[in-house]
Amino acid sequence: MTSVPILTLNNGLEIPQLGFGVFQVEDALTTDAVRTALESGYRSIDTAAVYGNEAGVGRALATSGVPREEVFLTTKLWNDDQGYDATLTAFDTSLAKLGTDYVDLYLIHWPTPARDRYPDTWRAMEKLLADGRTRAIGVSNFQPAHLERLLEQSGVVPSVNQVELHPYLQQAPLRAVHAGHGIATEAWSPLAQGALLQDPALDAIARRHGRTPAQVVLRWHLHLGNIVIPKSVTPARIRQNIDVFDFALTAEDIEAITALERGERTGPDPDTLN
Ligand code: NDP
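The rules we used
Residues numbered from 1 in each chain as written. Predicted model: local features only at pLDDT ≥ 70, side-chain atom pairs only at ≥ 80, totals over all residues. Heavy atoms only, no water. Core = buried A, V, L, I, M, F, W, Y, C linked by side-chain atoms within 4.5 Å. Buried < 20%, exposed > 50% of the residue type's maximum accessible area, 1.4 Å probe, protein only. Helix = DSSP H or I, 4+ residues; strand = E, 2+ residues; numbered from the N terminus. Contact = heavy atoms within 4.5 Å. Near = heavy atom within 4 Å. Polar contact = N/O pair within 3.5 Å; in protein donor to acceptor, adjacent residues only side chain to side chain. Areas by Shrake-Rupley, 256 points an atom, 1.4 Å probe, with all protein chains shown as cover. 1 Å grid on protein atoms, 1.4 Å probe; cavity = no way out; pocket = protein on both sides within 12 Å on 5 of 7 lines; lining within 4 Å. Sits in = over half its atoms within 2 Å of the grid points. Nonpolar A, V, L, I, M, F, W, Y, C, P; charged D, E, K, R; others polar.

(A) Looking closely at the nonpolar core. If you look at the biggest cluster of nonpolar residues, it comprises 65 residues, and the most contacted ones within it are F20, V34, I45, V57, Y106 and L249. At six residues, helix α8 (residues 213-224) tops the list of elements feeding residues into this core. Among all residues touching Y106, those that are not within four sequence positions of it are T75, K76, L77, T87, A90, F91, M125, L128, T134, A136, I137 and G138. Among the nonpolar cores identified, the runner-up in size contains 10 residues, and A136, V160, A184 and I227 belong to it.

Structural data, given as structure tokens:
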């Protein structure tokens, strides 16, 4: 079976560097997709309350035959549930849907700065961590200013910031902030939802290695040190996306991919999404 590298988060918890995302997968289809991912060797699953498929993930975990403790499970707190008490309630709801009594990583999904609740929300996350109900806590879509505000308030540094990141949006300044604070960078939409798979530069690299553009992009993420969570509902692609550990990009390949930066988001801007 393919061997996925393991990274150690800032609180000592280990996470597979490559996992499986289930955004925009209907609950009914999620169970099969996650089961296929587990059969293919994935041991990290990324869902969120707002995806509406935590129950589907839970069914896959319960029936896959893979012990719960071998799977790194991430879910996220939705924006409407920010605030101290609401966070604790939303966490219980997520656990019930997932059919488990802990998660490995709980994330604040978006900072929603105009609501100004993420500092209170973080205090609730700290409580969930202290109570052992989640093994690590982190954030998603936080910009440097949002991170700085949490760091001023709290001794608990987020273990992860999960952000949009792919060759068209490489997030070099944010990755430098993360490195300075020991926060792991996790890439969402690592394939830009498929938008960059037609890129001629990626196609040329893929041909040279006898690989697909998706595999080249995932290899690039791993080279940068990102945690990466590609999504697919197509079994052959699910297998393809984890079959990336037996080739390496050259320095020229990395340089060519670095040159693709365009500052182009496929998703919302975290400073204005509220
Ligand atoms: P991805 O960048 O992972 O791209 C998924 C798309 O690419 C799907 O259309 C899929 O098609 C296609 N695809 C996947 N693998 C291949 C392949 N090998 N060849 C060709 N096409 C392929 O997009 P996501 O937005 O889903 O991001 C990944 C995960 O990140 C999400 O599922 C979610 O867990 C997380 N996320 C988090 C966000 C946040 O705010 N924190 C926001 C968005 C995502 P198909 O499924 O039809 O095979």
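The structure having been displayed, the exposition proceeds.
(B) Representation of the environment of P230. Mapped onto the elements of the fold, P230 is located in the loop between β10 (227-228) and α9 (235-242). Considering only alpha carbons, one finds P230 and Q198, 32 residues apart in sequence, at a separation of 17 Å.

(C) Quick look at the site of the ligand. Taken together, 29 residues sit near the ligand, with D46, S189, K231, S232 and T234 positioned nearest. Contact between the ligand and L191: an oxygen atom at 2.8 Å from a main-chain N or O atom of the residue. Within the contact set of the ligand, an oxygen atom lies 2.6 Å away from a side-chain nitrogen or oxygen of S232. Burial of the ligand by the surrounding chains reaches 88%, relative to a free accessible area of 900 Å². Put simply, the ligand lies in the largest pocket. It is α9 that provides the largest number of residues to the shell around the ligand, a total of three residues. For the shell around the ligand, a count of residues per class yields 13 nonpolar, 12 polar and four charged.

(D) Layout of the environment of P268. Relative to the helices and strands, P268 is located in the segment after α10 (251-258). Its relative accessible area of 36% is what places P268 among the partly exposed residues. Placed 201 residues apart in sequence, P268 and P67 show a C-alpha to C-alpha distance of 36 Å.

(E) Examining helix α2 (residues 54-63) more closely. Those residues of α2 that sit buried are E54, G56, V57, G58, A60 and L61. Buried residues belonging to α2 abut α1 (27-40), β4 (44-46), β5 (72-77) and α3 (84-98). Two residues or fewer after α2 comes G65, characterised by a positive phi angle close to 85°.

(F) Structural detail: the environment of L165. With respect to the helices and strands, L165 occurs in the loop between β8 (160-164) and α6 (172-181). A C-alpha to C-alpha distance of 27 Å links L165 and T87, two positions 78 residues apart in sequence. The residues contacting L165, other than those within four sequence positions of it, are Q170, Q171, R175, T185, A187, W188, S189, P190, W220, H221 and N226.

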